[in-house]
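Here is what each chain is made of, one letter per residue.
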Amino acid sequence: MDLINLIIKSVGSIVALFFLTKLLGKKQIGQLNLFDYVIGISIGNVVAEMSVNKEIIFWDGVIVMIVYTLIALLISYSTTKSMKLRRWIGGTPVVIIENGKIIEAGLKKVKFDINDLLEEARINGYFELSEIEYGIMEANGRVSFLPKSKYKPLTPNDMKLKLSYKGLTANVVLDGVIMEKNLKYIEKDKKWLITRLKKMGYEDIDKLLLVTCSTDEQLTIYEKDLKEQKPGCLE
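Not measured: the values here are computed from a predicted model.

Analysis parameters
- Residues numbered from 1 in each chain as written.
- Predicted model: local features only at pLDDT ≥ 70, side-chain atom pairs only at ≥ 80, totals over all residues.
- Heavy atoms only, no water.
- Pairing = 2+ DSSP bridges.
- Helix = DSSP H or I, 4+ residues; strand = E, 2+ residues; numbered from the N terminus.
- Contact = heavy atoms within 4.5 Å.
- Axes fitted to C-alpha atoms, helices over the stretch in contact; angles between N-to-C directions.
- Core = buried A, V, L, I, M, F, W, Y, C linked by side-chain atoms within 4.5 Å.
- Buried < 20%, exposed > 50% of the residue type's maximum accessible area, 1.4 Å probe, protein only.
- Salt bridge = Lys/Arg side-chain N within 4 Å of Asp/Glu carboxyl O.
- Expected span 1.5 Å × (residues − 1).
- Arc of directions from axis to C-beta.

With that settled, the discussion passes to the sheet that holds strand β5 (residues 170-174). Sheet architecture is open: 4 strands sit in the order β6-β5-β7-β8, paired in antiparallel fashion. In this open sheet, the two strands that pair with only one neighbour each are β6 (177-178) and β8 (219-223). Pairing of strand β7 (residues 208-213) with β8 involves 5 bridges; the strand directions are antiparallel. Across the sheet, Leu208 pairs through a bridge with Glu223, a residue of β8. Across the sheet, helix α8 (residues 190-199) touches β5, β6, β7 and β8, and the angle it forms with β8 is around 70°.

Quick look at the structure:
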């Protein structure tokens, strides 16, 4: 009986957490500010306690999670209305490299040492700090780098090239299922897709893992791997 209650409380708490998280929004871990992070940890602790602590009544735990969620929503709304509150809760960007020079005061403010800076630079593709003009620690903890002009990659605009428009690619078949809503979005239909696939030699849609359609109506097809294969790994 205890095992059944434990399973029910665990599943119930996860379901409640799922809906409350959807209500809060789809921020990734790297996009969370300090307050969001604290709220996330607090709700996570409540879920864990609800699952294993027999003394906690399920609905009491749900009410606590709802209160945390409402507080987070209130703070989120308030920060959109108040610049001062937004800066106080979310923080502000800090310059750590300016005009190619490392700003030690900035590093101290964000609790970074030179090794942390070098690591962030490498992660962003800069193995030489001399290539960086500006480095800014964002409020969410990520570091943005602006390369010096001579190290910026060339763009088609720099080379005076005229390129044709290329919009979003639509997924028209996913795991053997035709995505009719996506076809409608690109102003095509199921009959058009099947005809195109047959012309390309694909009669059985069930054998297709993914089919995408570009803005110029070019289909890219990925067939299902019917043979069981082991994924490779790097040593």
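Turning our eyes to something else, we now look at the sheet that holds strand β4 (residues 143-147). Spatial strand order, β2-β1-β3-β4: 4 strands in an open sheet with antiparallel pairing. Both edges of this open sheet fall to β2 (101-102) and β4, since each of them pairs with a single strand only. As paired strands, strand β1 (residues 94-98) and β2 are joined by 2 bridges and run antiparallel to one another. Counted as the bridge partner of Ile97 is Ile102 from β2. Sheet contacts for helix α6 (residues 114-123): β1, β2, β3 (132-137) and β4; angle to β4, the most-contacted strand, approximately 65°.

A few words on the nonpolar core. Within soluble globular proteins, side chains that are nonpolar tend to cluster in buried spots. The biggest cluster of nonpolar side chains holds 14 residues, and the ones touching the most others in it are Val172, Val173, Leu193, Leu197, Val211 and Leu219. Only β5, α8, β7 and β8 provide two or more residues apiece to this core. What Val211 contacts, discounting residues up to four positions off in sequence, is Ala170, Asn171, Val172, Val173, Leu197, Leu219, Thr220 and Ile221.

Before going further, it helps to spend a moment on the pattern of salt bridges. The tally for this structure, following the rule as stated, stands at 2 salt bridges. For Asp175, the salt bridge goes to Lys224, with nearest N and O atoms at 3.3 Å. Of this pair, Asp175 sits in the loop between β5 and β6 while Lys224 is found in the segment after β8, placing the two residues 49 residues apart along the sequence.

Another point: helix α3 (residues 58-81). An α-helical turn contains 3.6 residues, so any two residues separated by three or four positions project in the same direction. For α3, with 24 residues, the first-to-last C-alpha span of 35 Å sits near the 34 Å given by 1.5 Å per residue. Residues Gly61, Val62, Met65, Thr69, Ala72 and Thr79 constitute the buried set of α3.

Moving on: the side chain of Ser214. In this structure, Ser214 sits in the loop between β7 and β8. Take Ser214: its relative accessible area is 11%, and that puts it in the buried class. With sequence-adjacent residues up to four places away left out, Ser214 is seen in contact with Lys166 and Thr169.

Alignment of β1 against β3, held across 3 bridges, turns out to be antiparallel. In the strand pairing of β3, Val94 is matched with Met137. Where β1 folds back on β2, the antiparallel hairpin that results is connected by 2 residues, among which Asn99 adopts a positive phi of roughly 55°.

Let us look at α8. Listing the buried residues of α8 in full gives Trp192, Leu193 and Leu197. Buried positions in α8, seen along its axis, are confined to an arc of 125° and lie on one side of it. Exposed and oriented more than 90 degrees from the buried face of α8 are Lys191 and Lys199.

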